[in-house]
Structure formats: structure tokens, C-alpha cells
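Take a look at the letters that make up each chain.
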Amino acid sequence: MGQHFFLWFAVAGGIVAAACAVGCAAACAWISRAATQAATQSAPAQARGASVGQVPMALVQVAAAQHAAPPPGSPQYVTHAPPDGAQPRTGVVLDGNYPGLGRVLGGWMQGEPDAIERVRIAQDLGRLGGADSARALLDGVRTGVINPTVAADNLARGGFEAGIAVAAALRDPEPRVRSLATTLVGRCTPLERTAPLLSAGSPFRQRPMPEPPTPPGPT
Amino acid sequence: MGPGALTLVDIIVGVFFSVFAIGYSTLLLNAARAAFADMARARRRAWGAAELAASPHQPSVTVVVPAHDEAASIVASVRSLLAQGWRRLEVLVVANGCTDDTLGQLHRAFDLQATAELLERPPGARSRVITTWRSSADPRLRVIETSAGGKADATNCALERAGGEYALLVDADSLLEPTAVAQAVLPFIEGGEQVVAVSAAIRVLNGSHVDEAGRVTPGLTRSPLALLQCLEYARAFHIGRAGWAALGALPVVSGAFGMFRTDVLRACGGLDVDTVGEDLEIVLRLHATVRRDGRRPEIVFLGEALCWTEVPEDVASLRAQRIRWHRGLVEAVNRHGGMLFSPRHGAVGMVSLPFLGLFELLAPLVELLGLAALAFAASTGAIAWTVVAALAGFAVCFGLALGMAALLLEQIRGRGLVTRPRDVAVLLLVAIVEQFGHRQRTAWWRLRGLAAGLRGGTSGTTPAWGEMHHRGARSVTAP
């Protein structure tokens, strides 16, 4: 009885496993064939088949970004205030007519569980470029919901008001925010020399790193 | 052995392999789920590795390359590191007790100049710094010459001098994809402070074409031993590591490619110099240290193959490697036994470490014991030969299914092992052949590693470097 059970279990399991193996092998062969065909086609065709075969990763990323991002030159205008609880998914928003939009987006960013969405909101805040947006980005660094690198990239796109908010953050009690502000301000002033002192112990330390060699110019 | 005892052995072996099969099936399903989730995530991303690589605010990265007698591959490896599209980068090569031309090769290729740096090391270090060098051709490259002390000690020596916020630990025979650093940093940027380490899939370099700049064009090796390891690597990374990571219980970051937050690595005290399994040990210690502070560490696994490594093509090197790996597993489990079934250590303590400690560790013993018990039972008539044949057939088909599923997952992630449909047939054949002889041989080597680990324990002697006959990256080129 026991032997019969083992026999049937092994035979049935073996057939299922063998079928899975053959299916996976066939799928592998199909994908590699598709990749070979895609390699002989144009670059856009390669990008479309980017998840398979030998397509370079950079091309895959470019294709993915193009797919995800809105087409350039066609910003999505917000014509009414978003309802409470609604999440901004994509697109460029303008805050000229909507004072306080930076604060709203900042609140969403604080409550957003998905890291990719938080980065998207940070990008929108960077595009807004106002004082509220800058404060929202600095708050994101303070609470740790966004990385200082993401915040710095987007703060640097801001205007004069954002610059004032960054300057005020030089006296922030949170070392991460202070070091971020110092780094941003220090990039173009003599404060750069004091930045390592101010950022000591902070996770966002802009230590001087050696520069890569520059290729020789034409003689 | 009486019939009763035989039945008991059969039950133990049966239960063991059932749990093993269920465990690996669970890992496979989770790995597949993670692969598709990652693809969806990549499509949604509007700010990724390319933007990070171009950002003036990118964090600094120190690449740590411990090297011991790596003359054949060190130059190609360092070139691939310096070719990374990352501005804030420094490469620290630690030539640890080199007796071959490793330093000479570096001198000739990168024009090294001696620098005046402090040579002191903290108490407890196993080696002393002899000289430090900086490349005048590319100032991002620094070389530290030390006396012999082992791989972990060499890594610690570099960590003492690392200036980057993130430390990328790579083997001296590893070649990196041009975007590897940017892709490895991205999870730290997106994931926040709980991300403490990033691991990535590793591909077998043998058989691929490597050009002068260190760029790799994938190809399938003709060496039977390397082909077997191609499948093993695909299974280990695309089912094992990816599955554990999806469960939030990744217990190991490969020594060939692993990025850590430098401050966390330093807070853990660096790598353990008393074990040969330092890559597994440091991750378990990292889990323990971070959780002691009340935080929940996250270790991210990237399914994209960011690193290429040369695998041994001779039996002696492979045997030594497998014995060393299993001995390292014994030492790590022995050292962190307190984490076993500890809810305080989360999924690592409750799931992955028990699986490693109870099943992976004892797998070679039970596998060989099971084979012997089955053969004995069949020869005495206790089990019919048809049942033995059916069980063997099931084991072969299950191994085959895991191997092919791993290949498919790798292919879905991109830059897979299979570049032509013909390769599938070759690897299918290899997956079948692997079950007859190679599996059992590997189980025997792992059993020897188990014995060495139990015998030697953590004796505190300086672990030797893994010896391997390198052919050198450029000579790995397919003919």
C-alpha cells in the first residue's frame, strides 16, 4: 500500500515536473529567438522587445522611461483642486493659480507608501519650484520619506523662493536637512569649504571625491 | 540494519525531501512573482538609474576589491570598475599578501605612485599595511599593499579608508556591467534608510567575450564543468536569492557583488576575519545589529545580472570552493544559532536561517544517506525497484524543472544565459546529466565541508583565500 502511494506520487510528480521543465525550456527558446530577431531590426523595435535577450540595459531604461513619462511639451494642467485623498499619479502640475499646492503634494508624499510614487511627487514638487514645494521636499528629507539625493536634484530646479527656503534650512535642527541645505548652498559659495564640517555625522555627506581623468583634447 | 530501522530512515529521508521540494517550490513561486513585480516597477519608474548617474547630488561610492594573486584578471576587473558611469567613485584595491605579479600588473596599467598615508590599523587586524599607492592615470584608483591576512581582513582594511557613503564589495575576478553602480545605488535612494544592503544576480563569465574596455558579450562556455555551474548559478540567484528576497528573508549577499551602507557596515565591526563564509556571516550579523537598534533592515535583491564572475573549470578548484562554501555555512549557522526560530529577528530568524541551518546544512548528508538507504532497501527487496526508479525519475524531473525555470526567469529579467535557441537544448542536456554523478559528487564535497566546519568550528585561525586557477577575463573569450 505504502509502496503504491510512493510509486504513484513519484510518477505523477515526475510528469508534472517534466512538463514544467519542457514548458520553461520552450519559453526560453522562444524568447531567445525573439531577441535574435529583434537584434536584426531597428532600435525602436529592439526597445519594444527590451525584456528579452541581449538588448542593452541602457536602451531598456530609456524605453521604459519614455513609456512611463508624459510626452515632452504636453504638460497636464490641473484645472481644479484635487479632491481629498486623491493621489497624483503622473504629470506636470502648475501652482501659479493654486497657492498651497506644494503643501498638499507634500502631505501626499508623506503618506504615500510606494517609493516610486514618492519620487514622482518629489519631481512634481521640483517642477513647482516655490517656497512651499521646497519646504515639502525638506520635510520629506527630515522624516526620511525621500532620499536627500532626490530632494537635492529637485530643489536645485527651484526658483528664488525655493532658494530662500533652502537658506533657512541651513539652521535646521535636523542634521540631514542642514547638510542637504549646506551642500546645495555650498555648491556656489565659499561655504563649500565648511560643508564637510557641518555635515559631519550625517548620512548625506558630500565628501570630496577624486575626479575622473579628462580625455586629452585635440592637439 | 533491521526492517524497522530501514523504515525510519526512509521516513526521515522522505520527510526531508518533501520539505525541501516544497521549500524550493515556494521560493520559485515567490521569485517568479518578484520578477514580474520588478518588471512592472521598472515600467512605472520616471526617475531611475540613468537620472541618478547624471545627478550632481549623487552619493559617493567606494568600490572595495580585495585581491590575492589575481594577476590574470585584476587589470580587466579594475578597468570595468573605472568605466562605471558614476562620477563620485573611488576604487580601493587591497593587494593582500600577493606573491604573483598582481601589483606589477596594476603598476604597468595604471601608473601607480606611492602616497604618504597613515599605515596604522586598528587592534585585532590580521595584516599590516606595507605601502599605499594612487594611480596617476586615474586618481580614483588607490591600491593598498598589505601582508597576508585573508579576504575579510583585506576588505576591512579598505573599509577603514573608504570615503564613500556606500561600499560596493566585489571580487577581484568580477567584471561589472557599465551601469552596475547606478543600478545598485537606486534601491538605497528609493527605499529609504531601512535599505542596508543590495545584492544582485551574478552571471558566469566563462565563454563570454570580453573586450579591452571590460565590456562583456554573453556566450555559452564549452567547458562541461563551467556549464554545470551556469545552471547552479541561475538556480541559486534566480530562485534561491530572488525567492528569499521576495519573502523579506534574504540571508546572504554574494561576496562577488554586494553594496552596503558604509556606516552600517562599520557599525557591525566590518567582516569577520575568523570565518571562511564572511559574506553570509556579515549579513546575519547585520540583521542582528540593526534589529537590536529597533529598526527593520531591508536587503534588496536585483534580478538583473550586474556582475560577471569566472568560475573554476578544473575539479580541484571546484572541490575546494564547495568545501569552503559549506564550511562557511556551518560556521555562520554555528555563530548565529541564537537567531534560529527567534521572532525578534523576523523572517530571517523564523524562515531562512532555519531552512539554511536544518536543510541546506544537512542536505548532503541526507541526500547521500537517502541514496544508500534506497539502494539497500531495493537490494534486500524491502522496496520494489520500480518504486526506486520512479523516485529517481521524480528527483531528476524536479531538478530539471527548477533548472529550466531558473533559466526562464533569468531570460525574462534580460541578458539571460541563453542567446540562441540551440543553447536551450545544451542546457537541458546539462540539467539531465547533472543529476547523474555531479550532484552526488557535489554532495560529497559539501559533506566534507560539513565535517570540516564541525571539526574546526571557528578556531580563530586565519582563513586562507579561495585558490582558483584563473584563466583571466580576456582569455575566457569564446573561440
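Our structure is the block above this text.
Residues numbered from 1 in each chain as written. Chains lettered and ligands numbered in written order. Predicted model: local features only at pLDDT ≥ 70, side-chain atom pairs only at ≥ 80, totals over all residues. Heavy atoms only, no water.

Peer 1: Give a detailed account of the packing of aromatic side chains, specifying residues and quantitative values.
Peer 2: Two descriptors summarise a pair of aromatic rings, namely the distance from one centre to the other and the angle between the planes of the rings. All names here are of chain B. Under the defined criterion, the tally for this structure stands at nine aromatic pairs over all chains. Residues Tyr-24 and Phe-355 carry aromatic rings whose centres are separated by 6.0 Å and whose planes lie at 65° to one another, so their mutual orientation is edge-to-face. In this pair, Tyr-24 sits in helix H1 (residues 3-44) while Phe-355 sits in helix H11 (residues 346-360), placing the two residues 331 residues apart along the sequence. Each of the two residues, Tyr-24 as well as Phe-355, counts as buried. (Phe/Tyr/Trp six-rings, centres within 6.5 Å; stacked < 30°, edge-to-face > 60°. Helix = DSSP H or I, 4+ residues; strand = E, 2+ residues; numbered from the N terminus. Buried < 20%, exposed > 50% of the residue type's maximum accessible area, 1.4 Å probe, protein only.)

Peer 1: Which residues make up the sheet that holds strand S3 (residues 112-114) of chain B, and what values do they have?
Peer 2: Residues and elements named next belong to chain B. Strand order across the open sheet formed by ten strands is S3-S4-S5-S2-S1-S6-S11-S8-S12-S7, with mixed pairing between neighbours. The open sheet has two free edges, formed respectively by S3 and strand S7 (174-176), since each of these has just one partner strand. Looking at each pair of strands side by side, their axes are set apart by 30° on average, direction ignored. In terms of strand pairing, strand S8 (residues 195-204) meets strand S11 (residues 257-261) through three bridges, oriented antiparallel. Among the inter-strand pairings, Ala-197 is bridged to a residue of S11, identified as Phe-260. Taken strand by strand, helix H5 (residues 151-161) contacts strand S1 (61-67), strand S2 (89-96), strand S4 (129-135), strand S5 (141-146) and strand S6 (166-170), and its axis lies near 140° from that of S2. Against the sheet, helix H7 (residues 224-246) engages S8 and strand S12 (298-309), with an angle of about 155° to S8. (Pairing = 2+ DSSP bridges. Axes fitted to C-alpha atoms, helices over the stretch in contact; angles between N-to-C directions. Contact = heavy atoms within 4.5 Å.)

Peer 1: Before we move on, could you go through the nonpolar core and cite the residues and values that matter?
Peer 2: In this structure, B:Val61, B:Val93, B:Phe257 and B:Met259 are the most contacted members of the largest nonpolar core, which totals 179 residues. Not counting residues up to four positions away in its chain, the partners in contact with B:Met259 are B:Val61, B:Tyr166, B:Ala167, B:Leu168, B:Val181, B:Ala184, B:Val185, B:Phe188, B:Val196, B:Ala197 and B:Val198. (Core = buried A, V, L, I, M, F, W, Y, C linked by side-chain atoms within 4.5 Å.)

Peer 1: Describe the interface of chain B and chain A, with residues and values.
Peer 2: Counting residues at the interface gives 69 residues for chain B and 59 residues for chain A. For the pairing of chain B and chain A, the buried interface totals around 5300 Å² over both sides, and the portion due to carbon and sulfur atoms is 62%. Looking at the side of chain B facing chain A, the largest losses of area belong to B:Arg44, B:Trp47 and B:His57, adding up to 14% of the total buried there. Joining chain B to chain A, the criterion identifies zero salt bridges. Scanning the region where chain B abuts chain A turns up three residue pairs in polar contact (both at pLDDT 80 or more). Elements with a contribution of two residues or more to the side of chain B that touches chain A: H1, helix H2 (49-54), S2, helix H6 (180-191), helix H13 (385-413) and helix H14 (421-456) of chain B. A total of 16 residues in the side of chain B that touches chain A trace back to one element, the largest contributor, which is H13(B). Tallied by class, the residues present in the side of chain B that touches chain A amount to 38 nonpolar, 13 polar and 18 charged. (Buried area = accessible area lost by both parts, 1.4 Å probe. Salt bridge = Lys/Arg side-chain N within 4 Å of Asp/Glu carboxyl O. Polar contact = N/O pair within 3.5 Å; in protein donor to acceptor, adjacent residues only side chain to side chain. Nonpolar A, V, L, I, M, F, W, Y, C, P; charged D, E, K, R; others polar.)

Peer 1: Which residues make up the pattern of salt bridges, and what values go with them?
Peer 2: All names here are of chain B. Under the defined criterion, the tally for this structure stands at 29 salt bridges over all chains. Two residues, Arg-261 and Asp-263, come together in a salt bridge whose shortest N-O distance is 3.0 Å. According to the relative accessible area criterion, Arg-261 is buried, its value standing at 12%. Salt bridges here are not isolated pairs; linked through shared partners, they connect Arg-121, Asp-153, Glu-160 and Arg-161.

Peer 1: Before we move on, could you go through the packing of helix H3 (residues 74-82) of chain B against helix H4 (residues 102-110) of chain B and cite the residues and values that matter?
Peer 2: All names here are of chain B. At their nearest, the axes of H3 and H4 sit 9 Å apart, and the two run at 45° to each other. Here H3 is positioned oblique relative to H4, judged by the angle of their axes. Classified by chirality, the crossing of H4 by H3 is right-handed. On H4, the residues touching Ile-74, Val-75, Val-78, Arg-79 and Leu-82 of H3 are Thr-102, Gln-105, Leu-106, Ala-109 and Phe-110. (Parallel < 35°, antiparallel > 145°, perpendicular 65-115°, else oblique. Left-handed = near helix turned anticlockwise from the far one by under 90°.)

Peer 1: So what's going on with helix H4 (residues 101-111) of chain A? Residues and values would help.
Peer 2: Residue and element names in this part refer to chain A. Looking only at H4, the buried set comprises Leu-101, Gly-102, Leu-105, Gly-106, Trp-108 and Met-109. All buried residues of H4 project into a common sector of 160° when viewed along the axis, lining one side. Exposed and facing more than 90 degrees away from the buried side of H4 are Arg-103 and Gly-111. Summarising the contacts, the buried residues of H4 are in contact with helix H5 (115-128) and helix H6 (131-143). (Arc of directions from axis to C-beta.)

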